[in-house]
Amino acid sequence: LDEPFNAVDAKTAADLLRARTAGAGDRVDAGLKAVFGDVEDAYERNLALRAQRQQDAVPAYDRAFASARPLVGGELKDTIERIPTRYRTRAERRAREEAQAAGQTVDFKGAPNARDLHYLKIGLDQEIDTLFRTGDVGAANLLKPFRERIVGTLDDITKVGGKSLYQEARALYAEPSALLR
């Protein structure tokens, strides 16, 4: 290698390398697809699964709400009133927003119906999730029994033939989410 490297050799080498590397991305992509299949973006998959589970579960929730017996004699009222005010207020606001997004309304002034309780449960879910994410584990854990009592009541008031239609709707909603875990 005592001879100097001339410009013609450098240009030839550069042209050869450019041609070889130009298709590298395509070759790597083809190799990955051959091994793993056509993998879609995890975020896109997550969104698609959430949309699908909502679409699949809506009729089941509607059946559960239609079959629900009314709450009697202030049933669950004391439980709802014992939710600390600041958390209940935020959960009710979130419940209203979720209901509105679904074209529904909720009423927490009088005796709530099954759909109202469902949206309150969703509001509590969101509040609990927010509290966990912000590190307020104590407050999140404080709210869990209230949510579980609401779920238990919804399971009870939507029983038909000994089976909770609300529980079946929740299972249908959750089923595609198992793929996200």
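Attention here is on the structure that accompanies the text. (Residues numbered from 1 in each chain as written. Predicted model: local features only at pLDDT ≥ 70, side-chain atom pairs only at ≥ 80, totals over all residues. Heavy atoms only, no water.)

**Details of the pattern of salt bridges**
Then comes step 1: Here the structure, examined in full by the defined rule, presents 15 salt bridges.
Then comes step 2: Notably, a salt bridge pairs arginine 93 with glutamate 97, separated by 3.2 Å at the nearest N-O pair. Taken together, the positions of arginine 93 and glutamate 97, both in helix α5 (residues 85-101) and 4 residues apart, correspond to about one turn of that helix.
Then comes step 3: On the basis of relative accessibility, which here comes to 39%, the residue arginine 93 falls in the partly exposed class.
Then comes step 4: When the shortest N-O distance is used, the salt bridge between lysine 163 and glutamate 168 registers 3.3 Å.
Then comes step 5: According to the relative accessible area criterion, glutamate 168 is partly exposed, its value standing at 36%.
Then comes step 6: Several salt bridges share partner residues, and in doing so they unite Lys121, Asp125, Arg147 and Glu148 into one network. (Salt bridge = Lys/Arg side-chain N within 4 Å of Asp/Glu carboxyl O. Helix = DSSP H or I, 4+ residues; strand = E, 2+ residues; numbered from the N terminus. Buried < 20%, exposed > 50% of the residue type's maximum accessible area, 1.4 Å probe, protein only.)

**Focus on unusual backbone geometry**
Then comes step 1: The phi dihedral of leucine 76 is positive, around 80 degrees, even though this residue is not glycine.
Then comes step 2: Using a relative accessible area of 2% as the deciding quantity, one classes leucine 76 as buried.

**Comments concerning helix α8 (residues 165-174)**
Then comes step 1: Restricting attention to buried positions, one finds in α8 the residues Leu165, Tyr166 and Ala169. Down the axis of α8, the sector holding all buried residues measures 100 degrees, keeping them to one side.
Then comes step 2: Residues of α8 that are buried sit in contact with α3 (42-67), α6 (114-133), α7 (137-157), β1 (159-160) and β2 (163-164).
Then comes step 3: Regarding α8, its N-cap is serine 164, as a side-chain oxygen of that residue lies 3.3 Å from the backbone nitrogen of tyrosine 166 further along. (Arc of directions from axis to C-beta. Contact = heavy atoms within 4.5 Å. Polar contact = N/O pair within 3.5 Å; in protein donor to acceptor, adjacent residues only side chain to side chain.)

**Considerations on the nonpolar core**
Then comes step 1: Among the nonpolar cores identified, the biggest contains 33 residues, and Leu117, Leu143, Ile150 and Leu154 are the most heavily contacted of them.
Then comes step 2: Taken together, the elements giving at least two residues each to this core come down to α3, α5, α6, α7 and α8.
Then comes step 3: The dominant element in this core, judged by the number of residues it contributes, is α6, at 8 residues.
Then comes step 4: Aside from chain neighbours lying at most four places away, what touches leucine 143 is Ile83, Pro84, Tyr87, Leu124, Glu127, Ile128 and Leu131. (Core = buried A, V, L, I, M, F, W, Y, C linked by side-chain atoms within 4.5 Å.)

**Focus on the packing of aromatic side chains**
Two aromatic rings are characterised by how far apart their centres lie and by the angle between their planes.
Then comes step 1: One pass over the structure, following the stated rule, counts 4 aromatic pairs.
Then comes step 2: Between phenylalanine 65 and tyrosine 166, the aromatic rings sit 6.4 Å apart at their centres with planes inclined by 35 degrees, giving tilted as the arrangement. Of this pair, phenylalanine 65 sits in helix α3 while tyrosine 166 is found in helix α8, placing the two residues 101 residues apart along the sequence. Like phenylalanine 65, the residue tyrosine 166 is buried in the burial classification.
Then comes step 3: Here a set of aromatic residues connected by ring pairs shows up, and it is made of Tyr61, Phe65, Tyr166 and Tyr173. (Phe/Tyr/Trp six-rings, centres within 6.5 Å; stacked < 30°, edge-to-face > 60°.)

**Section: the packing of α6 against α7**
Then comes step 1: At their nearest, the axes of α6 and α7 sit 9 Å apart, and the two run at 160 degrees to each other. When the interaxial angle is binned, α6 and α7 end up roughly antiparallel. In the crossing of α6 with α7, the sense of the turn from one axis to the other is left-handed. (Axes fitted to C-alpha atoms, helices over the stretch in contact; angles between N-to-C directions. Parallel < 35°, antiparallel > 145°, perpendicular 65-115°, else oblique. Left-handed = near helix turned anticlockwise from the far one by under 90°.)

**Details of the layout of surface pockets**
Then comes step 1: What the largest pocket holds in volume is close to 910 Å³.
Then comes step 2: Taken together, 31 residues form the lining of the largest pocket, with Gln54, Tyr61, His118, Ile122 and Tyr173 sitting closest to its centre.
Then comes step 3: Elements supplying a minimum of two residues to the lining of the largest pocket: α3, α5, α6, α7 and α8.
Then comes step 4: Counting residues per element, the lining of the largest pocket draws most heavily on α6, at 10 residues. (1 Å grid on protein atoms, 1.4 Å probe; cavity = no way out; pocket = protein on both sides within 12 Å on 5 of 7 lines; lining within 4 Å. Points joined across faces, edges and corners; volume = space filled by probe spheres on them.)

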